[in-house]
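This is what each chain is made of:
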Amino acid sequence: MDGLFTTPTNGPTRALDGMAINDLAAMQGKTFHCILGLTAMTVFLLAFGFTSARGAATSGMADGPAFARLGPREAPVKLFYETKGSGAPILLIHGFGASTFTWRRIAPALAENYKVIAVDLKGFGQSDKPLDEHYSIFDQAKLIKQLIVEKDLKNLVLIGHSYGGGISLMLALDEDPRLEGRIAKLVLLDTIAYPQNIPVAFKMMDMPVVSHLGVRMVPPEMQARVALKLAYFDDTKIGDEDVEMYAAPLRTTAGKHAVIHSARQIVPQGLEEISKRYPTIKQPTLIAWCDNDRIVPLDIGLELRRNMPTSRLEIIERCGHMPQEEQPGATLKLIQDFLGR
């Protein structure tokens, strides 16, 4: 299996602004919920222009894999992360059910000019999976904030996909003085941001018996393959390695626990009130969205663009919900152009 750090191919994109956004929103509508159907029962698996500071050192983060011990002293959590490159830091925050694996097609090129840090969120990848219920985006954001502060990351670019994009938004809104001035730019890929209709699978996660039976009775490979087909526009791009990596979390009791409790809190309480604060985010923001996202629909991205004055929206064509995997070349180009190289 290739490591995190390989090379992508290009794909098509188009920019949207002004009238085009409103036209696309009308065309997109709310029809995606019907498309999900019964296959939604497995979707829970996936789920700043730089200055001379670009060359600033990132203390305490040598290249290679490592673990950070975070959280309260009485209940610490070890988060796995992998670092490569030098320069200003980029922190990659994956989506629901994913891990650092999801960045394998864009991280190597980004590491040519930046210190790229890819982290496994609590409950996913190689990070700890404690048998507690602290799996909301607020819980995850607290751990990532601690990582940012303890590693003294400055002039930082946050790149978040889906669930990870929601965590990035929480960090941008966080008024903790320890974060002041640290986050320079945001890149949000098909991110959760507003209340939306929840797929059947997530509603079932609130039913303890049903949720545990569903996770245990269906073979992990089958669940992963169906979920990936829903997340991809072109499912011929899904390889056996992809299926195996996304099936892995459901092979252990702890992994199953993390998936279930993350799914139950995928849309956090108070999101409607939180979303009213998006206009206060000052960081330049790239919002990149797949044109055929059936999980977090394009109208969420359009709304986010309308309410973030410092943002711009780019549409990635022939793409489902995972642009960094399905259209890595197009995604990488948008990010590099946004960052200035």
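All of these numbers come straight from a predicted model, not from anything done at the bench.

Undergrad: How should the overall build of the chain be read in this particular structure?
TA: Each helix and strand in the chain was counted, giving 14 helices and nine strands. Counting the 341 residues in the chain, one finds 57% classified as buried. Surface exposure of the chain reaches about 13900 Å², of which carbon and sulfur atoms provide 54%.

Undergrad: Would you take a moment to explain the nonpolar core for this structure?
TA: Side chains of a nonpolar character, in soluble globular proteins, are inclined to be buried together. Formed by 68 residues in total, the largest nonpolar core has its most connected members in Leu91, Ile144, Leu171 and Tyr278. Beyond its immediate chain neighbours, meaning those up to four positions away, Leu91 contacts Ile117, Val119, Ile144, Leu147, Ile148, Leu156, Val157, Leu158 and Ile159. Within the second largest apolar cluster, 29 residues are counted, among which are Ile90, Cys290, Ala330 and Leu334.

Undergrad: Got a minute to help me understand helix 10 (residues 253-264) in this structure?
TA: In an α-helix, one full turn covers 3.6 residues, which means residues spaced three or four apart are oriented alike. Over its 12 residues, helix 10 runs 17 Å from end to end, which matches the ideal 16 Å to within 8%, given 1.5 Å per residue. Among the residues of helix 10, Gly255, His257, Ala258, Val259, Ile260, His261, Ser262 and Ala263 are the ones counted as buried.

Undergrad: What is the right way to look at the packing of helix 4 (residues 137-150) against helix 5 (residues 163-173) in this model?
TA: Angle between the axes and distance between the axes: these two values describe a pair of packed helices. Put simply, helix 4 and helix 5 touch, their axes get as near as 9 Å, and they point 65° apart. Crossing geometry of helix 4 relative to helix 5 is assigned as right-handed. On helix 5, the residues that touch Ile137, Phe138, Gln140, Ala141, Ile144, Lys145 and Ile148 of helix 4 are Tyr163, Gly166, Ile167, Met170 and Leu171. Its residues assigned to classes, the contact of helix 4 with helix 5 comprises nine nonpolar, two polar and one charged.

Undergrad: It is not clear to me how the pattern of salt bridges should be interpreted in this structure. Could you clarify?
TA: Summed over all chains, the structure comprises 17 salt bridges. Two residues, Asp63 and Lys115, come together in a salt bridge whose shortest N-O distance is 3.3 Å. Separated by 52 residues along the polypeptide, Asp63 in the loop between helix 2 (32-36) and strand 2 (64-70) and Lys115 in strand 5 (residues 115-119) bring together distant segments of the chain. The partner of Glu314 in a salt bridge is Arg312, and the shortest N-O contact between them spans 3.4 Å. The exposure class of Glu314 is buried, given its relative accessible area of 9%.

Undergrad: Explain the pairing of strand 2 here, please?
TA: In summary, the side chains of a regular strand alternate between the two faces of the sheet. Examined bridge by bridge, strand 2 and strand 3 (residues 77-84) share seven bridges and lie antiparallel to one another. Looking across to strand 3, one finds that Gly64 is bridged to Thr83. Between the antiparallel neighbours strand 2 and strand 3 lie six residues, among them Gly71 with a positive phi of about 85°.

Undergrad: Help me understand the environment of Asn307, please; the structure alone is not making it clear to me.
TA: Mapped onto the elements of the fold, Asn307 is located in helix 12 (residues 298-307). In this structure the C-alpha to C-alpha distance between Asn307 and Thr280, which are 27 residues apart in sequence, comes to 9.1 Å. A polar contact is formed between the side chain of Asn307 and the side chain of Tyr194, at a distance of 3.4 Å.

Undergrad: Any chance you could explain the state of the cysteines here in plain terms?
TA: Here, disulfide denotes a covalent bond that connects the sulfur atoms of two cysteines. Under the definition given, this model contains one disulfide. One disulfide bridge connects Cys290 with Cys319, the sulfur atoms lying 2.1 Å from each other. With Cys290 in strand 8 (residues 285-290) and Cys319 in the loop between strand 9 (311-316) and helix 13 (323-326), this pair connects stretches of sequence that are 29 residues apart. On the basis of relative accessibility, which here comes to 0%, the residue Cys290 falls in the buried class.

Undergrad: Could you clarify how one ought to interpret the confidence of the model for the chain in this entry?
TA: A low pLDDT score tells you not to read the predicted coordinates there in detail. For the chain, per-residue confidence averages 84 on the pLDDT scale, and residues scoring 70 or more make up 77% of the total. In the model, residues 200-212 has pLDDT below 50 throughout and makes 27 contacts with residues more than four positions away in sequence or in other chains.

Undergrad: Would you take a moment to explain the packing of aromatic side chains for this structure?
TA: The relation between two aromatic rings is expressed through the spacing of the ring centres and the mutual angle of the planes. Within the structure shown, the criterion is met by five aromatic pairs. Each ring, one from Phe67 and one from Phe80, has its centre 5.4 Å from the other, and the planes form 65°; the classification is edge-to-face. Highlighted residues: Phe67 in strand 2 and Phe80 in strand 3, separated in sequence by 13 residues. Residue classification places Phe67 among the partly exposed residues on the basis of a relative accessible area of 43%.

Undergrad: Explain the packing of helix 8 (residues 220-231) against helix 9 (residues 240-247) here, please?
TA: At a closest axis distance of 8 Å, the pairing of helix 8 and helix 9 adopts a crossing angle of 115°. Classified by the interaxial angle, the pair formed by helix 8 and helix 9 is roughly perpendicular. In this structure, helix 8 meets helix 9 at a crossing whose hand is right-handed. In this structure, helix 8 uses Pro220, Glu221, Ala224, Arg225 and Leu228 to contact helix 9, whose residues at the interface are Asp240, Asp242, Val243, Glu244, Tyr246 and Ala247. Partitioned by chemical class, the residues of the contact of helix 8 with helix 9 number six nonpolar, no polar and five charged.

Undergrad: How do you make sense of the pairing of strand 9 when you look at a structure like this?
TA: With five of six residues buried, strand 9 is to be regarded as a mostly interior element. In this sheet, strand 9 lies alongside strand 8 in parallel orientation, the contact comprising six bridges. Bridging from a neighbouring strand, Ile287 pairs with Leu313 of strand 9.

What counts as what
- Residues numbered from 1 in each chain as written.
- Predicted model: local features only at pLDDT ≥ 70, side-chain atom pairs only at ≥ 80, totals over all residues.
- Heavy atoms only, no water.
- Helix = DSSP H or I, 4+ residues; strand = E, 2+ residues; numbered from the N terminus.
- Buried < 20%, exposed > 50% of the residue type's maximum accessible area, 1.4 Å probe, protein only.
- Areas by Shrake-Rupley, 256 points an atom, 1.4 Å probe, with all protein chains shown as cover.
- Core = buried A, V, L, I, M, F, W, Y, C linked by side-chain atoms within 4.5 Å.
- Contact = heavy atoms within 4.5 Å.
- Expected span 1.5 Å × (residues − 1).
- Axes fitted to C-alpha atoms, helices over the stretch in contact; angles between N-to-C directions.
- Left-handed = near helix turned anticlockwise from the far one by under 90°.
- Nonpolar A, V, L, I, M, F, W, Y, C, P; charged D, E, K, R; others polar.
- Salt bridge = Lys/Arg side-chain N within 4 Å of Asp/Glu carboxyl O.
- Pairing = 2+ DSSP bridges.
- Polar contact = N/O pair within 3.5 Å; in protein donor to acceptor, adjacent residues only side chain to side chain.
- Disulfide = S-S within 2.5 Å.
- pLDDT = per-residue confidence, 0-100.
- Phe/Tyr/Trp six-rings, centres within 6.5 Å; stacked < 30°, edge-to-face > 60°.
- Parallel < 35°, antiparallel > 145°, perpendicular 65-115°, else oblique.

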